[in-house]
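Now for the letters of each chain:
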Amino acid sequence: MSQILVISDIHANLTALEAVLADAGKVSEVWCLGDIVGYGPDPNDCVERIRSLPKLTCQIGNHDVAAMGEMPLAAFNTEAKRSLLWQKEQLTPENMAFLRSCAREVTVRGEVSLVHGSPRDPIWEYVLNTLVARLNLNYFNTPWCFVGHSHFQAVFQYRQQDDDFTIEIPKPGTRYEMTDRAIFNPGSVGQPRDRDPRAAYAIYYPKTHLWEPRRVEYDVKAVQQRILAAGLPQRHADRLSGGW
Ligand code: ZN
């Protein structure tokens with residue numbers, strides 16, 4: 001059965017990424033929605049692991065652009081900035097080149113548009129509520145759009161009768177039937193912000209039109225220790241255990 005692994009916002013957390021890849025098992029493709037780096041202690045390892053995945057489609061995220069030095073760091077808060085400066089020093093030229101090669105505009109794969117932020121602002125806009133979802137409806141032509149960036153696992157479901165979206169949070173491990181038009185967020189692998197510290201991702205079944213959000217536990221302590229050992233902000237370590 002063809003099934004596609006959808007990941008986003010890895011944020012240099014290799015332990016979470018490995019847990020997700022192991023939990024997902026055999027997949028036919030991998031779609032990565034960006035922010036491979038930023039915040040965490042393992043930027044090179046994460047880029048290398050992602051680069052090694054077969055049948056990969058990868059969008060670029062705002063943290064990736066910033067770590068490449070292509071964006072003024074003033075757009076980030078002080079601690080995120082500290083982390084990005086550190087990551088910029090760490091990243092090898094090969095890994096920088098890979099990040100540079102990731103898509104900056106919407107990528108269409110079959111019936112799905114892929115983007116980091118939103119279809120009308122692929123790198124920066126957050127789809128966090130139904131209003132923003134509605135404002136983006138005419139910026140993608142496929143039935144579905146997969147976004148990352150907000151670190152929240154969610155489905156924004158379009159309802160034709162109301163000409164509006166609803167927000168739904170399908171339970172991890174259940175399969176959501178994809179009908180009409182909708183915007184899906186797989187959540188964040190390396191820094192979930194929905195008060196569930198487990199790594200988040202999703203499986204998309206293109207033939208049966210199903211979306212399956214998933215969560216998997218990983219060794220949060222080990223990542224926190226590496227964050228502190230690298231001299232990165234304490235806050236970036238603390239938030240991983242609470243999922244905020
Ligand atoms: Zn992010």
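Residues numbered from 1 in each chain as written. Predicted model: local features only at pLDDT ≥ 70, side-chain atom pairs only at ≥ 80, totals over all residues. Heavy atoms only, no water.

## Points about helix H5 (residues 93-101)
Right, so step 1: For H5, the set of buried residues is Asn 95, Met 96, Phe 98 and Leu 99. For H5, the angular spread of buried residues about the axis comes to 160°, placing them on one side. Among the exposed residues of H5, those pointing more than 90 degrees away from its buried face are Pro 93 and Ser 101.
Right, so step 2: Along its buried surface, H5 packs onto helix H2 (43-51), strand E3 (56-58), helix H3 (62-67) and helix H4 (78-90). (Buried < 20%, exposed > 50% of the residue type's maximum accessible area, 1.4 Å probe, protein only. Helix = DSSP H or I, 4+ residues; strand = E, 2+ residues; numbered from the N terminus. Arc of directions from axis to C-beta. Contact = heavy atoms within 4.5 Å.)

## Quick look at the pairing of strand E12 (residues 210-216)
Right, so step 1: Within E12, seven of the seven residues are buried, leaving the element largely enclosed by the surrounding structure.
Right, so step 2: Residues of E12 alternate between two faces, with Leu 210, Glu 212, Arg 214 and Val 216 on one and Trp 211, Pro 213 and Arg 215 on the opposite face, all of them buried.
Right, so step 3: Examined bridge by bridge, strand E9 (residues 176-177) and E12 share two bridges and lie antiparallel to one another. For Glu 177, the partnering residue across the bridge sits in E12 and is Leu 210.
Right, so step 4: By the bridge criterion, seven bridges tie strand E11 (residues 199-205) to E12 in an arrangement that is antiparallel. Bridged to Ala 199 within E12 is Val 216. (Pairing = 2+ DSSP bridges.)

## Some details on the coordination of the zinc ion
Right, so step 1: Every protein donor of the zinc ion is accounted for by Asp 9 (OD), His 11 (NE2), Asp 35 (OD) and His 151 (NE2), and the metal-donor separations fall at 2.1 to 2.4 Å.
Right, so step 2: Each donor residue of the zinc ion lies on the same chain, and together they follow the pattern D-x1-H-x23-D-x115-H. Here His 11 is found in the loop between strand E1 (4-7) and helix H1 (14-24), whereas its partner Asp 35 is found in the loop between strand E2 (29-32) and H2, with 24 residues between them in sequence.
Right, so step 3: Judged by its relative accessible area of 1%, His 11 falls in the buried class. (Donors = N, O, S within 2.8 Å, 3.2 Å for Na, K, Ca; no water.)

## With respect to unusual backbone geometry
Right, so step 1: Positive phi outside glycine occurs at Tyr 39, with the angle close to 70°.
Right, so step 2: Here Tyr 39 shows up in the loop between E2 and H2.
Right, so step 3: Residue Tyr 39 is classed as buried on the basis of its relative accessible area of 10%.

## Comments concerning the nonpolar core
Across soluble globular proteins, nonpolar side chains have a tendency to be buried as a group.
Right, so step 1: Of all hydrophobic cores here, the largest spans 51 residues; its most connected members are Leu 5, Ile 7, Leu 17 and Ile 36.
Right, so step 2: Not counting the four nearest positions on each side in its chain, Leu 5 is found in contact with Val 20, Leu 21, Ala 24, Val 27, Glu 29, Val 30, Trp 31, Tyr 201, Ala 202 and Ile 203.
Right, so step 3: In terms of nonpolar packing, the next biggest core, distinct from the first, is built from 16 residues, Val 6, Leu 33, Leu 114 and Phe 146 among them. (Core = buried A, V, L, I, M, F, W, Y, C linked by side-chain atoms within 4.5 Å.)

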